[in-house]
Amino acid sequence: MRWLLALLLLMLPLAVVAQQPLQFRDGAEERRFHDLAAQLRCVQCQNQSLADSNAQIAQDLRREVLQLMQQGHDDAQIKQFLVARYGEFVLYQPPLQPGTWLLWGGPLLMLGAGALVVLGIVRRRGRTVGAAPAGKADEGDGW
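As a starting point, this report considers the structure included with it. Remember, predicted model here, so these are calculated numbers, not experimental data.

Calculation criteria
Residues numbered from 1 in each chain as written. Predicted model: local features only at pLDDT ≥ 70, side-chain atom pairs only at ≥ 80, totals over all residues. Heavy atoms only, no water. Helix = DSSP H or I, 4+ residues; strand = E, 2+ residues; numbered from the N terminus. Buried < 20%, exposed > 50% of the residue type's maximum accessible area, 1.4 Å probe, protein only. Contact = heavy atoms within 4.5 Å. Salt bridge = Lys/Arg side-chain N within 4 Å of Asp/Glu carboxyl O. Core = buried A, V, L, I, M, F, W, Y, C linked by side-chain atoms within 4.5 Å. Expected span 1.5 Å × (residues − 1).

## A few points about the environment of Asn54
When you line up the elements, Asn54 lands in the loop between helix H2 (27–39) and helix H3 (56–70). The class for Asn54 is exposed, based on a relative accessible area of 66%. Taking the C-alpha atoms as reference, Asn54 lies 9.2 Å from Cys42; in sequence the two are 12 residues apart. Apart from the residues within four sequence positions on either side, Asn54 is in contact with Gln48 and Gln59.

## Observations regarding the pattern of salt bridges
Per the counting criterion, the structure on display carries two salt bridges. Between Glu64 and Arg85 there is a salt bridge, with the nearest N and O atoms lying 2.7 Å from each other. With a gap of 21 residues between them, Glu64 in helix H3 and Arg85 in helix H4 (residues 75–86) connect regions that are remote in the sequence. Look at Glu64 and you get partly exposed, because its relative accessible area is 22%.

## Focus on the nonpolar core
Leu40, Leu50, Val65, Ile78 and Leu82 are the most contacted members of the largest nonpolar core, which has 17 residues in total. Elements represented by at least two residues in this core include exactly H2, H3 and H4. Among the elements that make up this core, the one with the highest residue count is H3 (six residues).

## As for H3
Over its 15 residues, H3 runs 21 Å from end to end, which matches the ideal 21 Å to within 8%, given 1.5 Å per residue. Within the span of H3, buried status applies to Ala58, Gln59, Leu61, Arg62, Val65, Leu66, Leu68 and Met69. Just downstream of H3, Gly72 is the residue with a positive phi angle, here 100 degrees.

So this is what it looks like as structure tokens:
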């Protein structure tokens, strides 16, 4: 039991360091950081940006991104580093290349397919209404 308490006490400084707020040098660095974090996806949450996620890995990645920025890396280098580590998925807007053409073109393909389905339904209904005998429409009036 004592070893468990000792282990917890040893881990306490790590938890305190992890909770410290990010320290920006100036307002420009903070704006650049927030812009970049909004372009990156949390690898755990998957539907949130790095800026919006509260997951522990997102906090760690935000610290790492800030460290890379303060070491003089530009945005492209930071993105390249994260892609090498986590894959293209980490980018909210992956580049257009053979592996991502369906990702970029998929919404347009779905929209086109939906338009063709609606057009087919409208044409079928038009033929059905046009094929009804003209005399039947007059008989239903009753006046």
